[in-house]
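The chain contents come next:
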Amino acid sequence: MSTAEATPLTVDTLRLQHRVRPLTPQEEGTAIGVLSAGVYGYTCAPGFDEVPVFSKRTYHSFEVHKASDGAEYLIGFVTPEEATELELRKQGAAIRLFPEAWENSQCLASVPVLQILAPKRLPPREDGNPFLFTIA
């Protein structure tokens, strides 16, 4: 969805679009790939193969969706320039996705996990807790 549309993009709008429900207590801590389609939760480990998902948002955690069609999305905030690059699927573009709005990263983004090329290393622990990746 375009960030420039008349209706402002919100997390609630994304949840409706992806047709997701909150995690149940039984699903708590399960890897996103194992979960049934149509759920959302929070993780502090985006970019890892076995992303555990939890029902409660914690400080600097990212919202993740496993949409009703099974597609996985990472939700966060980017700069207007990065939002355009994501929208255009500009391969190789460097993105800094924040779990909350941070400085110039004020545009809500829903990033398909299949478009994320992340380094195999620990996430940075710099201010704002950005997740760094390039568009695959």
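Novice: Looking at this structure, I do not really get the overall build of the protein. What am I missing?
Specialist: Summing up its helical and strand segments, the protein has two helices and eight strands in all. Listing the helices and strands of the protein from first to last along the sequence gives α-β-β-β-β-α-β-β-β-β. Compactness check: the protein gives a C-alpha radius of gyration of 14 Å against a globular reference of 14 Å for 136 residues, within 12% of the reference. Along the longest, intermediate and shortest principal axes, the C-alpha atoms of the protein span 40 × 35 × 25 Å. Within the protein, the proportion of its 136 residues that are buried is 45%. Carbon and sulfur atoms provide 56% of the accessible area of the protein, an area that totals close to 7,600 Å². Charged side chains of the protein number 12 positive and 17 negative; the gap between the two group centres comes to 4 Å.

Novice: Help me understand the pairing of strand E2 (residues 39-43) in this model?
Specialist: Side-chain direction in a regular strand flips from residue to residue, so the side chains alternate between the two faces of the sheet. The element E2 is extensively covered by neighbouring structure, given that five of its five residues are classed as buried. Along E2, one buried face is formed by Val39, Gly41 and Thr43 and the opposite face, lined by Tyr40 and Tyr42, is buried too. Across two bridges, the pairing between strand E1 (residues 21-22) and E2 is parallel. Its bridge partner lying in E2, Pro22 is registered against Tyr40. Direction of pairing for E2 relative to strand E3 (residues 62-66): antiparallel, over a ladder of five bridges. Across the sheet, residue Tyr42 finds its bridge partner in E3, namely Glu63.

Novice: Any chance you could explain the sheet that holds strand E8 (residues 131-135) here in plain terms?
Specialist: As a general point, the strands of a sheet are linked pairwise by backbone hydrogen bonds and lie either parallel or antiparallel. The antiparallel open sheet is built from three strands, whose spatial order is E5-E8-E7. Strand pairing shows two members of the sheet lacking a second neighbour, strand E5 (94-97) and strand E7 (116-117), which therefore form its edges. With two bridges joining them, E7 and E8 adopt antiparallel strand pairing. Looking at E8, one finds that Ile116 is bridged to Ile135. Against the sheet, helix H2 (residues 80-87) engages E5 and E8, with an angle of about 120° to E5.

Quick notes on the rules
- Residues numbered from 1 in each chain as written.
- Predicted model: local features only at pLDDT ≥ 70, side-chain atom pairs only at ≥ 80, totals over all residues.
- Heavy atoms only, no water.
- Helix = DSSP H or I, 4+ residues; strand = E, 2+ residues; numbered from the N terminus.
- Rg over C-alpha atoms; globule rule 2.2 N^0.38 Å.
- Buried < 20%, exposed > 50% of the residue type's maximum accessible area, 1.4 Å probe, protein only.
- Areas by Shrake-Rupley, 256 points an atom, 1.4 Å probe, with all protein chains shown as cover.
- Lys, Arg positive; Asp, Glu negative; His and termini not counted.
- Charge placed at Lys NZ, Arg CZ, Asp CG, Glu CD.
- Pairing = 2+ DSSP bridges.
- Contact = heavy atoms within 4.5 Å.
- Axes fitted to C-alpha atoms, helices over the stretch in contact; angles between N-to-C directions.

Everything listed is a geometric property; what it means functionally is a separate question.
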